[in-house]
There are 2 protein chains.
Amino acid sequence: MYINVLNDFPENLNEENFQDLLQSGSVRVERIVSHGHASPPSFWYDQDDGEWVLLLKGAAILEFEGDPEPLRLGPGDHVNIAPHRRHRVAWTAPDEPTVWLAVFYNGKPDPNLT
Amino acid sequence: MYINVLNDFPENLNEENFQDLLQSGSVRVERIVSHGHASPPSFWYDQDDGEWVLLLKGAAILEFEGDPEPLRLGPGDHVNIAPHRRHRVAWTAPDEPTVWLAVFYNGKPDPNLT
């Protein structure tokens, strides 16, 4: 089913929504829609793949294990999350959908770009 | 240099602007900023890699060789361009920057998603 990334949202956003947009070999592009969601306390994502993530709409705060400061993201901000860099979503805007575009990939990124 | 994808534009947009955001193995994420640009008449892109493209801002019209109708894109619209599917940019909005996010990848995408 074709969805417009910025306009077509599920009616029910009680749960975070994940939608694959492209899958090819080890590359996957996913849209994530959050609505006040955050990772459970003490939960860390720990992924085998790299994840490049772009915030398209809304606002969010990410935490990375060992980092003293959380990372605030607004529309147009992006961050590359290396494989096994433990991270969690500390906060997303409670009053509007927050839309992320995530590109999952295998391997090591060019350090000059990240 | 870190750029906000939606806010940081080059001062001079006489030429289309291309900026790599991620490069890892066969995957590359690029931001493209157009400002009234179009492909030259009779020019077709013909690429070895697949390209998944998302229009973030502005408006554009793509043409695909052999397709009777061009494809109009607005913010949030995306299209997957298979390797060697010949295409050109017929038009972009003349009065504002048009921002694209392109994910170049190797291989065949899952046809259920494209």
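Everything below is about the structure shown above.
Everything numeric in this text was worked out from a predicted model, so none of it was measured. (Residues numbered from 1 in each chain as written. Chains lettered and ligands numbered in written order. Predicted model: local features only at pLDDT ≥ 70, side-chain atom pairs only at ≥ 80, totals over all residues. Heavy atoms only, no water.)

This paragraph deals with the interface of chain A and chain B. Counting from both sides, the interface comprises 31 residues of chain A and, opposite them, 32 residues of chain B. Taken together, the links from chain A to chain B amount to zero salt bridges. In this assembly, chain A and chain B are joined by 12 residue pairs in polar contact (both at pLDDT 80 or more). Taken together, the elements giving at least two residues each to the side of chain A that touches chain B come down to β1 (17-24), β2 (27-34), β3 (50-57), β6 (78-81) and β8 (98-105) of chain A. Its residues assigned to classes, the side of chain A that touches chain B shows 17 nonpolar, 10 polar and four charged. (Contact = heavy atoms within 4.5 Å. Salt bridge = Lys/Arg side-chain N within 4 Å of Asp/Glu carboxyl O. Polar contact = N/O pair within 3.5 Å; in protein donor to acceptor, adjacent residues only side chain to side chain. Helix = DSSP H or I, 4+ residues; strand = E, 2+ residues; numbered from the N terminus. Nonpolar A, V, L, I, M, F, W, Y, C, P; charged D, E, K, R; others polar.)

What follows covers the packing of aromatic side chains. All names here are of chain A. This model, assessed by the stated rule, comprises two aromatic pairs over all chains. Seen in terms of ring centroids, Phe43 and Tyr45 are 4.9 Å apart; in terms of plane orientation they differ by 85 degrees. Their pairing is edge-to-face. By relative accessible area, which is 34% here, Phe43 ends up partly exposed. Of the residues examined, Tyr45 reaches a relative accessible area of 28% and is grouped as partly exposed. Over the face of the ring belonging to Phe64 we find Arg85, whose NZ or CZ atom lies 4.0 Å from the ring centre. (Phe/Tyr/Trp six-rings, centres within 6.5 Å; stacked < 30°, edge-to-face > 60°. Buried < 20%, exposed > 50% of the residue type's maximum accessible area, 1.4 Å probe, protein only. Lys NZ or Arg CZ within 6 Å of the ring centre and 35° of its normal.)

Residues and elements named next belong to chain A. All chains considered together, the criterion is met by 12 salt bridges over all chains. Arg88 is paired through a salt bridge with Glu63; the nearest N and O atoms lie 3.1 Å apart. Pair noted here: Arg88 is in strand β7 (residues 87-92) and Glu63 is in strand β4 (residues 60-64), with a separation of 25 residues, a long-range link. Among the ionic pairs, Arg86 bridges to Glu65, the shortest N-O distance being 2.7 Å. In this pair, Arg86 is assigned in the loop between β6 and β7 and Glu65 in the loop between β4 and β5 (71-73), connecting sequence segments 21 residues apart. Arg86 gets classed as partly exposed once you look at its relative accessible area, which sits at 30%. Among the residues examined, Glu65 registers a relative accessible area of 43% and is labelled partly exposed. In the salt-bridge network here, residues are joined through shared partners; they are Asp20, Arg28 and Glu30.

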